[in-house]
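Letter by letter, the chains look like this.
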Amino acid sequence: MANYSSIYIFIKKSKVMRRLFWFVIFLSLMLAGCQENKINNSNIRSIKVNYNDAITIIDTSLIDINSIEYIPLISKEGVIGEVSQLLVVDKHFFILDKQQKCVWEFDSKGVFQRKLSRHGKGPGEYTGIERISISEEKTLHVMGTVETIPKYDVRDGFPYKGNFYSSQAPIDILCTDTLVFVLYRYVPQELKDTSYYIEVFNQRNGHRKGYFPYLSAITEGFGDDFFIKCTDSIYIRMPHNDTIYKVIDHLEVAPSYYFDFGKDKFPNEQLLRCNSIEEKEALLKDKIHHGKISHFRMSESHIAFLYSQVQGNSAQNSYFVYNRLTDESANYNGLMWQGLSSDFNHPLATDGEFFYSVLYPYHFSEKGKKDLKGRGVTIDDTVYLLKFKYKI
């Protein structure tokens, strides 16, 4: 009888062990399909941004005058509307025109090459266009306000290459030959403690590789790039803590740059905990806060961005430039050079070496037009790209 009891207990334990074994396997598979990012805190460079050091008007000491070039965008296909995004790929310029729902391509001299304009609901068309990204293999991804992201070949006149499907409507995208990073506004059920998150997909098959659930606050605005591609490296800008993270692996990031605005920094994280507009206004009106980074651009040698001084409902913008190689920095409130308005402060793109701003005719004063004409540059109704380097 004792032998039968032992056999019964053995069988019962075996069933429990088998169930436990399969549960562990199931849990492992679930975790593999929903991996969270790892944060490597080994190296981070802290950069002091002191508003009191800002110069009100900067002269040519900041800009390398010999590097400046005006590139008129010449096209017989119509007039460029709203320039919402600018990409520089192999010395060609790709301009996202939200107003006309199209992408313009110009060569290095500003001569029109072709235009992607396929607004519609059929195959190879898009219903809207908010952001664009181009991989190393010259595949253009067009992101709208829906989950479907059509792809086009840049090399052969924008032929349709099929669709990429995100989990929901995204707010930013960056693609490489192997990976696609997508930023979302709304989070899935398993990420209750964050307001935003990033998913990483396999470029080849569209399968989800994992996610970054720690984004907690984003101030959306014109010119904001949350993903930064710099040579072979990818960086992610985290507005809530003024930190730039470098992607080490597709699911591992390391904070690379932290911008220290001091004790009066803009209270990004505190604002998240406010339950009403009145609480937010009370938090902001007691003193002037510095921070709220936007228009962030990174080249091989420089970092440049706008930041604000905010008190209550009023704000003033300043500009910060940092040399990654020499650790030098410049901090200023405005730039007036050859009659240009302060829009010169806002480069929309970099090719790794030069920065590029978009200039409309109204950006030039009459004195500026006259000065430039003496140098052989005639300003007409054409949209211009301004190519330049920082001197620091």
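The rules behind each value
Residues numbered from 1 in each chain as written. Predicted model: local features only at pLDDT ≥ 70, side-chain atom pairs only at ≥ 80, totals over all residues. Heavy atoms only, no water. Helix = DSSP H or I, 4+ residues; strand = E, 2+ residues; numbered from the N terminus. Buried < 20%, exposed > 50% of the residue type's maximum accessible area, 1.4 Å probe, protein only. Areas by Shrake-Rupley, 256 points an atom, 1.4 Å probe, with all protein chains shown as cover. Pairing = 2+ DSSP bridges. Axes fitted to C-alpha atoms, helices over the stretch in contact; angles between N-to-C directions. pLDDT = per-residue confidence, 0-100. Contact = heavy atoms within 4.5 Å. Core = buried A, V, L, I, M, F, W, Y, C linked by side-chain atoms within 4.5 Å. Phe/Tyr/Trp six-rings, centres within 6.5 Å; stacked < 30°, edge-to-face > 60°. Lys NZ or Arg CZ within 6 Å of the ring centre and 35° of its normal. 1 Å grid on protein atoms, 1.4 Å probe; cavity = no way out; pocket = protein on both sides within 12 Å on 5 of 7 lines; lining within 4 Å. Points joined across faces, edges and corners; volume = space filled by probe spheres on them. Nonpolar A, V, L, I, M, F, W, Y, C, P; charged D, E, K, R; others polar. Polar contact = N/O pair within 3.5 Å; in protein donor to acceptor, adjacent residues only side chain to side chain.

A. Molecular detail of the overall build of the protein. In terms of helices and strands, the protein carries four helices and 26 strands. The 392 residues of the protein split such that 51% are buried. Accessible surface computed for the protein: about 20,000 Å², of which carbon and sulfur atoms make up 51%.

B. Structural context of the sheet that holds strand E5 (residues 92-97). Pairing is antiparallel across the open sheet formed by four strands, whose spatial order is E4-E5-E6-E7. The open sheet has two free edges, formed respectively by strand E4 (83-89) and strand E7 (112-116), since each of these has just one partner strand. Strand-to-strand, the axes of this sheet are offset by a mean angle of 20°, without reference to chain direction. Pairing of E5 with strand E6 (residues 102-106), which is carried by five bridges, proceeds in the antiparallel orientation. Paired with Asp-97 across the bridge in E6 is Cys-102.

C. How the structure looks around the confidence of the model for the protein. Scored by pLDDT, the protein has a mean of 78; 79% of the residues are at 70 or more. Across the protein, the element-wise mean pLDDT spans from 43 in helix H1 (residues 2-33) up to 96 in E6. The low-confidence segment residues 20-34, where pLDDT is below 50, has four contacts with residues more than four positions distant or belonging to other chains. Below pLDDT 50 for its whole length, residues 219-223 participates in 13 contacts with residues either more than four positions away or in separate chains.

D. Main features of unusual backbone geometry. With a phi angle near 65°, Lys-91 is a residue other than glycine that sits in the positive phi range. Note on placement: Lys-91 falls in the loop between E4 and E5. Overall, Lys-91 belongs to the exposed group, its relative accessible area being 64%.

E. Up close: the nonpolar core. Grouped together as the largest cluster of nonpolar side chains are 21 residues, with contacts concentrated most on Leu-62, Tyr-70, Tyr-319, Val-321, Phe-388 and Tyr-390. Put simply, the parts of the chain that give this core at least two residues each are strand E21 (302-311), strand E22 (314-323), strand E23 (329-332), strand E25 (355-359) and strand E26 (384-388). With three residues, the top contributor of residues to this core is E26. Leu-86, Ile-95, Phe-106 and Leu-348 belong to the second-largest nonpolar core, a separate cluster that totals 20 residues.

F. Main features of the packing of aromatic side chains. Scanning the entire structure with this criterion turns up 17 aromatic pairs. On the basis of an interplanar angle of 50° and a centroid distance of 6.1 Å, the ring pair of Tyr-152 and Tyr-160 is categorised as tilted. On the basis of relative accessibility, which here comes to 0%, the residue Tyr-152 falls in the buried class. We classify Tyr-160 as partly exposed; its relative accessible area is 35%. Each ring, one from Phe-164 and one from Phe-201, has its centre 5.2 Å from the other, and the planes form 85°; the classification is edge-to-face. One end of the pair, Phe-164, is in strand E11 (residues 160-165); the other, Phe-201, is in strand E14 (residues 197-202), with 37 residues separating them in the sequence. The pair Phe-164 / Phe-201 is uniform in exposure class, with both members buried. In this structure, Lys-387 packs its charged tip against the face of Phe-354, placed 4.4 Å from the ring centre.

G. Examining the sheet that holds E26 more closely. Taken together, the four strands give an open sheet; going across it, the order is E3-E26-E25-E24, and neighbouring strands pair in antiparallel fashion. In the strand order of this sheet, the two ends are held by strand E3 (69-72) and strand E24 (349-350), each with one partner. Relative to E26, E25 is paired through five bridges, and the arrangement is antiparallel. Note that in E26 the partner of Ser-357 across the bridge is Leu-386.

H. Region of interest: the layout of surface pockets. For the largest pocket, the calculated volume is near 820 Å³. Looking at the largest pocket, it is lined by 32 residues, and the ones nearest its centre are Leu-87, Val-88, Val-89, Lys-229 and Thr-350. Among the elements of the structure, E4, strand E8 (131-134), strand E12 (170-175), strand E16 (227-230), strand E20 (289-298) and E24 are those that each provide at least two residues to the lining of the largest pocket. Sort the elements by how many residues they give to the lining of the largest pocket and E4 lands first, with five residues. Considering only residue class, the lining of the largest pocket consists of 15 nonpolar, six polar and 11 charged.

I. Representation of the pairing of strand E15 (residues 208-212) within the structure. In terms of strand pairing, E14 meets E15 through four bridges, oriented antiparallel. Paired with Glu-199 across the bridge in E15 is Tyr-211. A loop of five residues connects E14 with E15, the two strands running antiparallel in sequence, and Gly-206 in this loop sits at a positive phi of about 80°.

J. Just the environment of Asp-97, in detail. Here Asp-97 is to be found in strand E5. For the pair Asp-97 and Glu-82, spaced 15 residues apart in the sequence, the C-alpha separation amounts to 5.2 Å. Setting aside residues no more than four positions away along its own chain, Asp-97 makes contact with Ile-80, Gly-81, Glu-82, Cys-102 and Trp-104. Polar side-chain contacts of Asp-97 include one of 3.0 Å to the side chain of Gln-100. One polar contact links Asp-97 to Trp-104, side chain to side chain, over a distance of 3.2 Å.

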